[in-house]
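Fold and geometry: a report
So the chains spell out like this:
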Amino acid sequence: MTFHFIFADKEEQRTKKTKNSPSCLGYPVSIFFIVVNEFCERFSYYGMKAVLVLYFKYFIGWDNDLSTTIYHTFVALCYLTPILGAIIADSWLGKFKTIVYLSIVYTIGQVIMAISAIHDITDTNRDGTPDNMTFHTAMSMLGLMLIALGTGGIKPCVAAFGGDQFEEHQEKQRSTFFSIFYLSINAGSLLSTLITPILRAQECGIYSKQSCFPLAFGVPAALMVVALIVFIAGHSMYIMESPKGNILLRVMKCIGFAIKNRFNHRSKQHPKREHWMDWAEEKYDKLLIAQVKMVLKVLFLYIPLPMFWALFDQQGSRWTLQATTMDGNFGAFIIQPDQMQIVNPILIVIMVPIMDSAVYPLIKKCHINFTPLRRMTVGMLLAALAFVAAALLQIQIDVTNICCRFVNGFRSHLNFTIKSDNLGPIAPLQGSGYLSVPHGKANFTIVNEEGQTCHYILQLGFGSSYTVLIPSTFSFGESCTENIKAIQDIEPNGIHMAWQVIQYFLMTCGEVVFSVTGLDFSYAQAPSNMKSVLQAGWLLTVAVGNIIVLIVAEAGSLPDQWAEYVLFASLLVAVSIIFAVMAYFYTYMDPMEIEAKFMELDPEEKKRKELGMTTKDNLAYVNNETSNNTDDKQMKI
């Protein structure tokens, strides 16, 4: 589970459409609708995402590399669209309309995904395999694009809209709201990551029973419908702000003008200026330019960060695919491969308080200057170590691959297929080579030269090897499998899924140290009205990280998966060294002090502004302060 906080800035005095909003125990009743909406939306997103890569692999029939590529393309889009959502909300529609309209788009996308997973729609011959896979692929891609637009577009709006429901004197209640909001996100993601893989593991269908992806996607779609209805139901009680411009656009225009002006005055006859952003002074005030300089200084540190996310987000792709080759038998119950992702949010709940209350205080007592940037470096190294653990585990898995071969004792040539893999034609009294297949039920199709078919199901154990003998007495028909004999060459010797806990533990420790600290650092180093600009930059690093994964996966130049894990770990170690050098030369700023040089503040206003720069705790749960210039809101997405 990724930590992301949305910082909503306030440049001017708030202009609200005030209403006599009903309250309960000092809290606006309207926040109930917002919290329930967020729980349902996060359930919908994480539930769909948990089974997505397996849908690509087992339903669409893509290989691991293409499944990984499309998965990370989708995630990248989910982290690019929040910038668009923020601009639409702040400059055009306002938060409420943006959430409603994009939630409708989001809901349609989830429904389309559920429809795309119904194999019976195009299974005209009723053999359990869709006859028009192009239709299912096109539908799923359309659904994912709509979901990416919807979930990303509302990401920067919902928490900020919740904060808008409180009056200026309700700082304590607003802080409590964000804590409840945070819990609703965790609850939604935890439950969905647990439940949707169970739904997927069920068998459903009209003509033939298959893994129930329609149900696994349908339940998140239903939750998104509930989320939309609940949010709209609270319409009459909401306090709404009018759109008043987006600070990100102002920053981009200021930077663009500085670059253009510097280019127009590039000749030596024009005197040099202290900083290239000073070329914007002809159009923009010095306070804005100083604030942009501070933002650019932090954004420069963001350059190496995408490599961390390139490793982190593979929990839902490569690590889930790795789990499909492992034994999930836990005695009385069986863990599904996509359920292993739940280890991360569970460990988050455990590790965050341990780090805050035990690890960091202990380090401080040892008189170690564990600065935020040093913490982030350690977090990156821990993520690299997690991939080393994944590589070592993959080496053991590769030793225990499941293999199967066929021997044709029949009188004519036979073809043997499973999914898209084909063995044959195999001549009479000849055998095939070994084929690596996933564990569980393997559905083989046997076809003769006349086109007659026979479906043979074989239960495969982990690390086992089988020889399937087609006898001379074999005949096609309803009882074609009666005489087929499967001989076990090697007994199952599976690697248990529990071994993945090691890499999940290392990655979660890295996430806590890297992500939470990075957001806290970014908040403390950001100008008072530009928290959202740095948030946009942070989300962009996540998107770029996922783009790195899809590039590596699509290249597919490495023959072994363990080698790819080692490659990612090595790249992150190299990037960590670069980041450590950048951090060494970084000078920490006091944004309030810098801003004070450009504007007159009376003692009381300065005191209030100081409060606005104070973080509540190490999770960066920042109270929404009473300053006229800052109305800082944050959340975990």
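An unreviewed UniProt entry lists the chain under the name Solute carrier family 15 member 1, from Cyprinus carpio. Its UniProt record gives the chain the following Sequence similarities (unreviewed entry) comment, quoted word for word: "Belongs to the major facilitator superfamily. Proton-dependent oligopeptide transporter (POT/PTR) (TC 2.A.17) family."

1. A few points about the state of the cysteines
Enumeration according to the criterion identifies two disulfides in this entry. There is a disulfide in this structure between Cys 204 and Cys 212, and the S-S distance comes to 2.1 Å. On the sign convention where negative means left-handed, the S-S torsion of about 105 degrees between Cys 204 and Cys 212 marks this disulfide as right-handed. In this structure, Cys 204 and Cys 212 share a single accessibility class: buried. Disulfide partner of Cys 454: Cys 480, at an S-S distance of 2.0 Å. Since a negative S-S torsion denotes a left-handed disulfide, the Cys 454-Cys 480 link at about 85 degrees is right-handed. Taken together, the positions of Cys 454 in strand S13 (residues 453-460) and Cys 480 in the loop between strand S14 (465-470) and strand S15 (485-490) put the pair 26 residues apart, joining distant regions of the chain. Assessed through its relative accessible area of 1%, Cys 454 is described here as buried. Cysteine pairing in the chain follows 1-2, 3-4, where each cysteine in a disulfide is numbered by its order in the sequence.

2. With respect to helix H10 (residues 286-301)
In this model H10 runs 23 Å from its N-terminal to its C-terminal C-alpha over 16 residues, within 8% of the 22 Å that 1.5 Å per residue would give. Among all positions in H10, only Leu 288, Ile 289, Ala 290, Gln 291, Val 292, Met 294, Val 295, Val 298 and Leu 301 are buried. Residues of H10 that are buried in the fold lie against helix H9 (247-264), helix H14 (372-399), helix H15 (500-525), helix H16 (531-555), helix H17 (561-584) and helix H18 (591-596). Its side-chain oxygen at 3.1 Å from the backbone nitrogen of Leu 287, Asp 285 defines the N-terminal cap of H10.

3. Considerations on a nonpolar patch on the surface
The grouping of Leu 77, Leu 80, Leu 142, Met 145, Leu 540 and Val 544 at the surface amounts to a nonpolar patch, some 460 Å² of accessible area in total. Mapping Val 544 onto the fold places it in helix H16.

4. What about the confidence of the model for the chain?
The pLDDT averaged across the chain works out to 84; a share of 89% of its residues lies at or above 70. Counting contacts from residues 5-18, a segment whose pLDDT is below 50, to residues more than four positions away or on other chains yields 65 contacts. Contacts for the low-pLDDT stretch residues 601-637, under 50 throughout, to residues beyond four places or in other chains number 124 contacts.

5. Thoughts on the environment of Ala 486
By the secondary structure assignment, Ala 486 is in strand S15. Separated by 82 residues in sequence, Ala 486 and Cys 404 place their C-alpha atoms 9.5 Å apart. With sequence-adjacent residues up to four places away left out, Ala 486 is seen in contact with Tyr 456, Leu 458, Thr 467 and Val 468.

6. Notes on the packing of H10 against H15
As a packed pair, H10 and H15 sit with axes 10 Å apart at the nearest point and diverge in direction by 160 degrees. Overall, the two elements H10 and H15 adopt an arrangement that is roughly antiparallel. For the element pair H10 and H15, the recorded crossing hand is right-handed. Between H10 and H15, the residues in contact are Met 294, Val 298 and Leu 301 and Phe 521, Ser 522 and Gln 525, respectively. Here the residues of the contact of H10 with H15 are counted per class, giving four nonpolar, two polar and no charged.

7. Overview of the pattern of salt bridges
Using the criterion set out here, one finds eight salt bridges in the structure. A salt bridge links Lys 95 to Glu 241, with the shortest nitrogen-to-oxygen separation between them at 3.5 Å. Here Lys 95 is found in helix H4 (residues 95-116), whereas its partner Glu 241 is found in strand S6 (residues 240-241), with 146 residues between them in sequence. Both residues of the pair, Lys 95 and Glu 241, count as buried. Linked through salt bridges whose partners overlap, the residues forming this network are Asp 65, Arg 318 and Glu 564.

8. Digging into the nonpolar core
By size, the foremost hydrophobic cluster in this structure holds 140 residues, and its most contacted members are Leu 52, Tyr 55, Phe 56, Phe 74 and Phe 217. Looking at this core element by element, the count peaks at 12 residues for H14. Core analysis: the next-biggest nonpolar cluster, separate from the first, contains 24 residues, Phe 406, Leu 414, Ile 426 and Cys 480 among them.

9. Points about the environment of Pro 527
Tracing the sequence through the fold places Pro 527 in the loop between H15 and H16. The sequence separation of Pro 527 and Asp 590 amounts to 63 residues, and the corresponding C-alpha distance is 8.9 Å. Leaving out residues up to four positions away in the same chain, Pro 527 has contacts with Gln 291, Met 294, Val 295, Pro 591 and Glu 595.

10. Here we look at the side chain of Arg 318
Relative to the assigned elements, Arg 318 resides in helix H12 (residues 318-323). Classification of Arg 318 as buried rests on a relative accessible area of 2%. Not counting residues up to four positions away in its chain, the partners in contact with Arg 318 are Asn 64, Asp 65, Thr 68, Ala 553, Gln 561, Glu 564 and Tyr 565.

Cut-off values and rules
Residues numbered from 1 in each chain as written. Predicted model: local features only at pLDDT ≥ 70, side-chain atom pairs only at ≥ 80, totals over all residues. Heavy atoms only, no water. UniProt positions renumbered as here; feature names shortened; annotations may be inferred. Disulfide = S-S within 2.5 Å. Buried < 20%, exposed > 50% of the residue type's maximum accessible area, 1.4 Å probe, protein only. Helix = DSSP H or I, 4+ residues; strand = E, 2+ residues; numbered from the N terminus. Expected span 1.5 Å × (residues − 1). Contact = heavy atoms within 4.5 Å. Polar contact = N/O pair within 3.5 Å; in protein donor to acceptor, adjacent residues only side chain to side chain. Patch = residues over 30% accessible without salt bridge, like charges linked within 9 Å, V, L, I, M, F, W, Y side chains within 5 Å. Areas by Shrake-Rupley, 256 points an atom, 1.4 Å probe, with all protein chains shown as cover. Salt bridge = Lys/Arg side-chain N within 4 Å of Asp/Glu carboxyl O. pLDDT = per-residue confidence, 0-100. Axes fitted to C-alpha atoms, helices over the stretch in contact; angles between N-to-C directions. Parallel < 35°, antiparallel > 145°, perpendicular 65-115°, else oblique. Left-handed = near helix turned anticlockwise from the far one by under 90°. Nonpolar A, V, L, I, M, F, W, Y, C, P; charged D, E, K, R; others polar. Core = buried A, V, L, I, M, F, W, Y, C linked by side-chain atoms within 4.5 Å.

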